[in-house]
Amino acid sequence: MSFSLIPALLLLGAFTGFCAGLLGVGGGMIMVPFLTLTFSWMAFPEHAIVHMAIATSMSTILFTSLSSVRAHHKRGAVRWPVVLALAPGIVLGGMVGGGKVFAALKTGWLSLLFALFVGFSAWQMLRNRKPSPSRQLPGAPGMVGAGSVIGFLSSLVGAGGGFVSVPFMTWCNVPIHNAVATSAALGFPIAVASVVGYVWSGYDMPGLPAGSIGYVYLPALAVIALASVVTAPWGARTAHRMPVARLKRVFAAMLFCLSAYMLWKAWRSF
């Protein structure tokens, strides 16, 4: 990796770490488009660029989520029973999605899938429809099922799950600040399961650049993780100072921008 890219990756890590703490999204929805562009500049194999961007992005969440959740936990915002209820399904869904399903999808379809789910999540957040006051989180089977969907989708698009788990929890009347904090905690099991799948599915892939383990590009991972763990607590502190309505608008606006970029990437790939 060129040394000239290190300042840009440090800046990316700092920004995504802050957003991970602020929005509970793990930073992947910001990082994937940027890494896709970076790996294109580095002339990585065309068939593997988006796969490596997603896998490397998800790997950074192993570090960012720990830093972010520590700050949220200090404020008593993480709903640990919800984390424990969703985690088994998340691990199952993450390993399935991050394995052969991930490897089998072509770049265009992977980009399109990313864009559609992120855009849908943004629209749901921006609509700000009030859920039924009587709606609650489902029982144990429902939570395992919901966790499986969150883990599966997250592993396919390289995000920490916040783009699905935050709307899901707010739909079930979990306050937005608690939903963001709990989503940050869910980022770690999502990342562990998904990264295992990325390494396994890409282990024998020919033509991957030096420094890769499966689809994970280790030099970029190291630089981004270094910066993100520093700024994630700042984002968490900021989240707890922001009004609910503004936090939702910021979340939605960021998702719409990233969805538009990945739609463009998908269109170019077909």
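See above for the structure.
In this text the structure is predicted, and so the values were computed from the model without any measurement.

Engineer: Break down the overall build of the protein for me, with residues and values.
Structural biologist: Looking only at helices and strands, the protein has 10 helices and two strands in total. If you list the helices and strands of the protein from N to C, you get α-α-α-α-α-α-α-α-β-β-α-α. By residue count, 56% of the 270 residues in the protein fall in the buried class. Taking as baseline every contact in the protein between residues at least 6 positions apart, the subset at least 24 positions apart corresponds to 82%. Total accessible area computed for the protein in this model is approximately 11300 Å², and 71% of it derives from carbon and sulfur atoms.

Engineer: Can you lay out a nonpolar patch on the surface for me, pointing to particular residues and giving the numbers?
Structural biologist: On the surface, a cluster of nonpolar side chains totalling about 460 Å² of accessible area is made up of Leu66, Val91, Met95, Phe188, Val192 and Val196. Elements that contribute at least two residues to the nonpolar patch include exactly α4 (80-104) and α8 (176-202). Relative to the elements of secondary structure, Val192 occurs in helix α8.

Engineer: Pulling in residues and values, what's your account of the packing of helix α3 (residues 49-74) against α8?
Structural biologist: Across the interface, α3 lies against α8 with an axial gap of 8 Å and an inter-helix angle of 150°. The angle between α3 and α8 places the two elements in the roughly antiparallel class. The handedness of the crossing between α3 and α8 is left-handed. Facing Ile54, Ala55, Met58, Ser59, Ile61, Leu62, Ser65, Leu66, Ser68, Val69 and His72 of α3, the residues of α8 in contact are Val180, Ala181, Ala184, Ala185, Gly187, Phe188, Ile190, Ala191, Val192, Ser194, Val195 and Tyr198. Looking at side-chain class alone, the contact of α3 with α8 contains 17 nonpolar, six polar and no charged residues.

Basis of the calculations
- Here the residue index of a chain counts from 1 through its sequence in written order.
- Given that the model is predicted, a residue must reach a pLDDT of at least 70 before its local features are reported, and side-chain atom pairs must reach 80 or more before they are shown or counted; all residues, however, enter totals for whole chains, interfaces and linings.
- Hydrogens and water are ignored here; the side-chain numbers use all heavy atoms of the structure.
- Helical segments are the DSSP runs of H or I of at least four residues, strand segments are the runs of E of at least two, and each set is numbered from the N terminus.
- The buried label goes to any residue with under 20% of its type's maximum accessible area, the exposed label to any with over 50%, and the partly exposed label to all in between, with areas taken from a 1.4 Å probe on protein chains only.
- Any two residues whose heavy atoms approach within 4.5 Å are treated as being in contact.
- Method for areas: the Shrake-Rupley scheme with a 1.4 Å probe, in which residue coverage is limited to the protein chains shown.
- Residues enter patches when their relative accessible area tops 30% and they take part in no salt bridge; the joining distance is 9 Å for like charges and 5 Å for the nonpolar side chains Val, Leu, Ile, Met, Phe, Trp and Tyr.
- Take a side-chain nitrogen of Lys or Arg and a carboxyl oxygen of Asp or Glu: if they are within 4 Å of each other, that pair is a salt bridge.
- What counts as an axis is a line fitted to C-alpha atoms, over the stretch in contact for a helix, and the angles between N-to-C directions run from 0 to 180 degrees.
- In this scheme, roughly parallel covers angles under 35 degrees and roughly antiparallel covers those over 145, while 65 to 115 is roughly perpendicular and the rest are oblique.
- Each crossing gets its hand from how the near helix is turned against the far one by less than a right angle, where anticlockwise is left-handed and clockwise is right-handed.
- Residues are grouped as follows: Ala, Val, Leu, Ile, Met, Phe, Trp, Tyr, Cys and Pro are nonpolar; Asp, Glu, Lys and Arg are charged; every other residue, Gly included, is polar.

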